[in-house]
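Survey of secondary and tertiary structure
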Amino acid sequence: MENNQKIVLVVGVSAILLVSIILMPYFLGLNSINDPEEYQLESIEYVRITVLVDNNPNGSLQSPWGLSMLVETENLTILFDSGPNPAALEENAEALGVDLSTCDLIVVSHEHLDHVDGLTHMTEIHDDLSLYTPYYGTSPMYWMDGFNVIEVEDTTEISSGIAIIGESWERALVINVKNFGLVILVGCSHPRVENMVSTAIDELNVNETYIVIGGFHLASSTYSRVLSTVESLFELGVQNIYPIHCSGDAIRSYLESDYPPNFGNASVGFQITIDGT
Ligand SMILES: [Fe+2]
């Protein structure tokens, strides 16, 4: 091959690689939000949330330390975290009449074992399911085996009306429901739940927050920290607060006694439907 031909070949291949890298997010169906000023998350018709695993007990359902919730909308069924072991996820889903084989994708809040060690159950019933995780940028972790892993670095819309927000090394799943507003699912809220809610409101440009549900990481916090967290959530306009998993009893008791209309008393097996139609 002549030198000129080699140069043309190298330039051509490089150009194809560059274009592929630039277009990769679109092939993956991701819509990274490049201009937050112009962006607003669309709304969807309804969402139903089922708490599949939580350490707040309820009847004969398994309640190991951990968290997993199922999110069903008119378009997608999403598993948010998986709890600490596959048996709890499988047996609770069965007891609740939930068919996890219909799941379209998984969103992982963060890599702690009480959120990811139930994932092997999903590889038993699915091939190559998409698994959205925070951006780790290193070699794959054992719990990613068997999944199509998509690392999410910034706030990203994964489907119309559904987004993953990025806050430090933990992610939250956010759904905008017509006539209600944001429904925010948090795993453990290591970056603080008020910061995650604030990020969702700012980056998705939706002012109403109907529900925040999940772990608030307040189980070993001071009482003043618990009170200031509730105050911050109200200042951000959160209407209904559902503290489960690592939120601790203090925030649950405080909301129940002082703000009963805003307290969501959830545990494993809890289900809520928010229907904006
Ligand atoms: Fe946790």
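Description of the structure in this document. (Residues numbered from 1 in each chain as written. Predicted model: local features only at pLDDT ≥ 70, side-chain atom pairs only at ≥ 80, totals over all residues. Heavy atoms only, no water.)

With respect to a negative patch on the surface
A cluster of acidic residues, E90, E91, E94 and E124, forms a negative patch at the surface. In terms of residue count, the dominant contributor to the negative patch is helix α2 (residues 86–95) (three residues). As for its placement among the helices and strands, E91 is situated in helix α2. Looking at E91, the relative accessible area reads 44%, which means it is partly exposed. (Patch = residues over 30% accessible without salt bridge, like charges linked within 9 Å, V, L, I, M, F, W, Y side chains within 5 Å. Areas by Shrake-Rupley, 256 points an atom, 1.4 Å probe, with all protein chains shown as cover. Salt bridge = Lys/Arg side-chain N within 4 Å of Asp/Glu carboxyl O. Lys, Arg positive; Asp, Glu negative; His and termini not counted. Charge placed at Lys NZ, Arg CZ, Asp CG, Glu CD. Helix = DSSP H or I, 4+ residues; strand = E, 2+ residues; numbered from the N terminus. Buried < 20%, exposed > 50% of the residue type's maximum accessible area, 1.4 Å probe, protein only.)

Quick word on the pairing of strand β6 (residues 129–134)
The buried count for β6 comes to six of six residues, which makes it a mostly enclosed element. Sheet topology places strand β5 (residues 105–107) next to β6; three bridges connect them, and they run parallel. Across the sheet, L105 pairs through a bridge with S130, a residue of β6. (Pairing = 2+ DSSP bridges.)

Some points on the packing of helix α6 (residues 223–235) against helix α7 (residues 249–258)
Between α6 and α7, the least distance of the axes is 10 Å, while the angle of their chain directions is 55°. In terms of orientation, α6 and α7 fall into the oblique class. Like other packed secondary-structure pairs, α6 and α7 cross with a definite hand, here right-handed. Across the interface between the two elements, Y223, V226, L227, V230 and F234 of α6 pack against A250, I251, Y254 and L255 of α7. Residues that form the contact of α6 with α7 fall into these classes: nine nonpolar, no polar and no charged. (Axes fitted to C-alpha atoms, helices over the stretch in contact; angles between N-to-C directions. Parallel < 35°, antiparallel > 145°, perpendicular 65-115°, else oblique. Left-handed = near helix turned anticlockwise from the far one by under 90°. Contact = heavy atoms within 4.5 Å. Nonpolar A, V, L, I, M, F, W, Y, C, P; charged D, E, K, R; others polar.)

Quick look at the coordination of the iron ion
Here the iron ion is held by the protein donor atoms D114 (OD), H115 (NE2), C188 (SG) and H245 (NE2), which lie 2.2 Å from it. Written as a sequence motif, the donor residues of the iron ion are D-H-x72-C-x56-H. A residue pair is termed long-range when its members are at least 10 positions apart, and H115 in helix α3 (residues 113–116) and C188 in the loop between β11 (181–186) and α5 (193–204) qualify at 73 residues. (Donors = N, O, S within 2.8 Å, 3.2 Å for Na, K, Ca; no water.)

Quick word on the nonpolar core
Counting residues in hydrophobic clusters, the biggest one holds 32 residues, and the most contacted among them are L173, I175, L185 and I213. With 28 residues, the next largest nonpolar core counts V193, L218, V230 and Y254 among its residues. (Core = buried A, V, L, I, M, F, W, Y, C linked by side-chain atoms within 4.5 Å.)

Some points on the sheet that holds strand β7 (residues 147–152)
Sheets are built from strands that pair by backbone hydrogen bonding, the pairs being arranged parallel or antiparallel. With mixed pairing, seven strands are arranged side by side in an open sheet as β7-β6-β5-β4-β3-β2-β14. The sheet terminates laterally at β7 and β14 (271–275), the two strands that pair on one side only. Here the strands of the sheet are splayed against their neighbours by 20° on average, with no regard to which way each runs. Note that strand β4 (residues 77–80) and β5 share three bridges and pair parallel. Among the inter-strand pairings, I78 is bridged to a residue of β5, identified as L105. Each of β2 (46–54), β3 (67–73) and β4 is contacted by α2, which is oriented at about 125° to β2, the strand it contacts most.

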